[in-house]
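Fold and geometry: a report
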Amino acid sequence: MCQSAQKRQMLRAAEFKADREFGPNAEGMMMSWTKAAVVLGVAAAALLTPDGAEPQEPAGGGLRLRLSRSATSRALLCITGGLSLLALHWLYRLLFCPLVLLRTSDDVGYLPATGRSKAQAANEARRRRKVGQLPPVYPNGWYRVLDSFMLRKAEVKSVSILGQQLAVFRGEDGKAYVLDAYCPHLGANLAVGGQVSGNCLECPFHGWQFNGGDGKCVKIPYSKKVPESAKVRSWISCELNNQILVWFHCDGEEPTWIVPEQEEISNGSLVYRGRVEHFISAHIQEVAENAGDVAHLSHVHGPGAVGAWDLRYINSKVCEFLRHDWKVEWEANKPEKHCSEMNLKHSMTLFGCHCSLMDMDVVARQFERDVMIWNNKKYISNPLLVKEDSTIRKHRLWYKQFYSENSPTLQYQNDALDF
């Protein structure tokens, strides 16, 4: 291998390591360090500024700065003021801004050995993991591509979903459109540098314009005629519950059902206050199947270890004074067969005493503990179940409706779950 090739390989490895270890929060961390540096810099400047009552005195051909009590007071005042501003900024973001926590694929669920990074532990676990006989990778149905607030009018965004690259844009009419990302002319990505013109998306390479509704090319700036075959795929989409959704069916069939509208979102009683986003190395069915796995709740989510995703410590003796108790029911929704309901009743015991104030109906808690299991488990297509696991069997039978004969399957069983 030549020296230049080795340098390129080292650069790629360094970029990969930086991306894996810093992740999407690196920019926020850099901003925090920048703010701290500004505060310390202002304080140092105030500390070294010569006081008017005590002039600078030459010493050995240089200048000597004498620190007075007033200079020290100014420095302390600057530090206190700067820290107060940072505290107020943090408090403002906590109370008035949506809380967004973005977890990278190696943040949760992998246990690095001594001397190994989380990214290295995650990569090794993925390589050695037995995947199992997975169901088809993409069930038929509706998929979220973006939250509505993420896409402004006349804005376009690139989205990777269902093994495809899509261009999602909002036209001048305020409607969201979803097209295949690659221009049929010479393959430019419409979402990278493309511009919204009316309700069309303009290619950044040669200016071809594609209608968001049907994907047809309506204008070629240097040609008098537009070929009939000049078009990109336009995905069936809708905007509901403050989300932009696309419809997928392996056979190209039209939607057979719609996502139910959530009245609490429509009338404004349920307001967006943030999200926690995880990258999970598991089949999508595994996540939904948790609803039917009633038995795991008391074992995984019963211990009261606060904020503990590491399963090694959730049963720590220190946390035995606090336990969560769950009563769960799962059933398929009869009127709308594509929907199911999971009803949970929660109670809590503190030092063996029931705390009635904590009795409530909840949807989910301590989700990160499940992530550690999903990231390391093998999918068992024919599981060994006992009588009390009957809801798992019911859930799998219900979930089969989202697959059809031509649903795409994972082609390389030895590969990681990169889909």
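Residues numbered from 1 in each chain as written. Predicted model: local features only at pLDDT ≥ 70, side-chain atom pairs only at ≥ 80, totals over all residues. Heavy atoms only, no water.

Brief notes about the overall build of the chain
Within the chain, the secondary structure is distributed over nine helices and 17 strands. Looking at the 419 residues of the chain, the share that counts as buried comes to 35%. Considering only contacts in the chain between residues 6 or more positions apart, those separated by 24 or more positions represent 56%. Accessible surface for the chain amounts to roughly 26,500 Å². Of this, 57% is attributable to carbon and sulfur atoms. (Helix = DSSP H or I, 4+ residues; strand = E, 2+ residues; numbered from the N terminus. Buried < 20%, exposed > 50% of the residue type's maximum accessible area, 1.4 Å probe, protein only. Contact = heavy atoms within 4.5 Å. Areas by Shrake-Rupley, 256 points an atom, 1.4 Å probe, with all protein chains shown as cover.)

Observations concerning helix α9 (residues 390-399)
Here α9 has its buried residues at Thr391, Ile392, His395, Arg396, Trp398 and Tyr399. All buried residues of α9 fall inside an arc of 160° around its axis, so they share one side. (Arc of directions from axis to C-beta.)

Structural notes on the pattern of salt bridges
A complete count under the given rule lists eight salt bridges for this structure. Between Asp147 and Arg144 there is a salt bridge; the shortest N-O distance is 3.1 Å. Exposure remark for Asp147: the relative accessible area of 8% places this residue in the buried category. Bridged by salt links that share partners, the residues Arg116, Glu124 and Arg128 form one connected network. (Salt bridge = Lys/Arg side-chain N within 4 Å of Asp/Glu carboxyl O.)

Considerations on unusual backbone geometry
Look at Asn241: it is not a glycine, yet its phi comes out positive at around 55°. Among the secondary structure elements, Asn241 is positioned in the loop between β12 (237-240) and β13 (243-248).

With respect to the side chain of Glu155
One can find Glu155 in the loop between β4 (141-147) and β5 (156-161). A distance of 2.8 Å separates a polar atom in the side chain of Glu155 from the backbone nitrogen of Arg152. Those residues in contact with Glu155 that sit more than four places away from it in its chain are Met150, Val168, Phe169, Arg170 and Val196. (Polar contact = N/O pair within 3.5 Å; in protein donor to acceptor, adjacent residues only side chain to side chain.)

Observations concerning the sheet that holds β5
Taken in spatial order, the three strands of this open sheet run β5-β6-β7, and their pairing is antiparallel. Both outer strands of the open sheet, β5 and β7 (176-180), are each paired with one neighbouring strand and no more. Recorded for the sheet is a direction-independent mean angle of 30° between the axes of neighbouring strands. Summarising the sheet, strand β6 (residues 164-170) and β7 pair through five bridges and their orientation is antiparallel. The residue of β7 that forms the bridge with Arg170 is Ala176. (Pairing = 2+ DSSP bridges. Axes fitted to C-alpha atoms, helices over the stretch in contact; angles between N-to-C directions.)

Quick look at the confidence of the model for the chain
It should be kept in mind that the predicted coordinates are not to be read in detail where pLDDT is low. Averaged over all residues, the pLDDT of the chain is 77; the fraction at 70 or higher stands at 70%. A low-confidence stretch, residues 52-56 (pLDDT under 50), is modelled with six contacts involving residues beyond four sequence positions or located in other chains. Considering only residues more than four positions removed or in separate chains, one finds that residues 61-65, a stretch of pLDDT under 50, has eight contacts. (pLDDT = per-residue confidence, 0-100.)

Some points on the sheet that holds strand β9 (residues 200-202)
On the basis of which strands lie adjacent, the open sheet formed by four strands has the order β8-β9-β10-β11 and antiparallel pairing. The open sheet has two edge strands with one neighbour each: β8 (195-197) and β11 (217-219). The sheet shows a mean angle of 40° between the axes of neighbouring strands, taken without regard to direction. Relative to strand β10 (residues 209-211), β9 is paired through three bridges, and the arrangement is antiparallel. Residue pairing in the sheet places Glu202 in a bridge with Gln209 of β10.

As for the pairing of β5
Note: β5 against β6, six bridges, orientation antiparallel. If you follow Lys157 over to β6, its bridge partner there is Val168. Counted along the chain from β5 to the antiparallel partner β6, the turn is two residues long, and its residue Leu162 has a positive phi close to 55°.

So, a nonpolar patch on the surface
Together, Trp90, Leu91, Tyr92, Leu94, Leu95 and Phe96 give the surface a local cluster of nonpolar side chains, amounting to about 680 Å² of exposed area. Note on placement: Tyr92 falls in helix α3 (residues 69-96). Taking relative accessible area as the criterion, Tyr92 reaches 48% and is therefore assigned partly exposed. (Patch = residues over 30% accessible without salt bridge, like charges linked within 9 Å, V, L, I, M, F, W, Y side chains within 5 Å.)

Quick notes on the side chain of His283
Residue placement: His283 occurs in the loop between β14 (274-277) and α6 (284-289). Side-chain polar atoms of His283 contact the backbone nitrogen of Gln285, separated by 2.9 Å.

Thoughts on the environment of Arg273
Relative to the assigned elements, Arg273 resides in the loop between α5 (263-266) and β14. The exposure class assigned to Arg273 is partly exposed, which follows from its relative accessible area of 43%. C-alpha of Arg273 to C-alpha of Leu95: the two residues are 178 residues apart in sequence and 9.8 Å apart in space. Among all residues touching Arg273, those that are not within four sequence positions of it are Leu95, Phe96, Cys97, Pro98 and Leu99.

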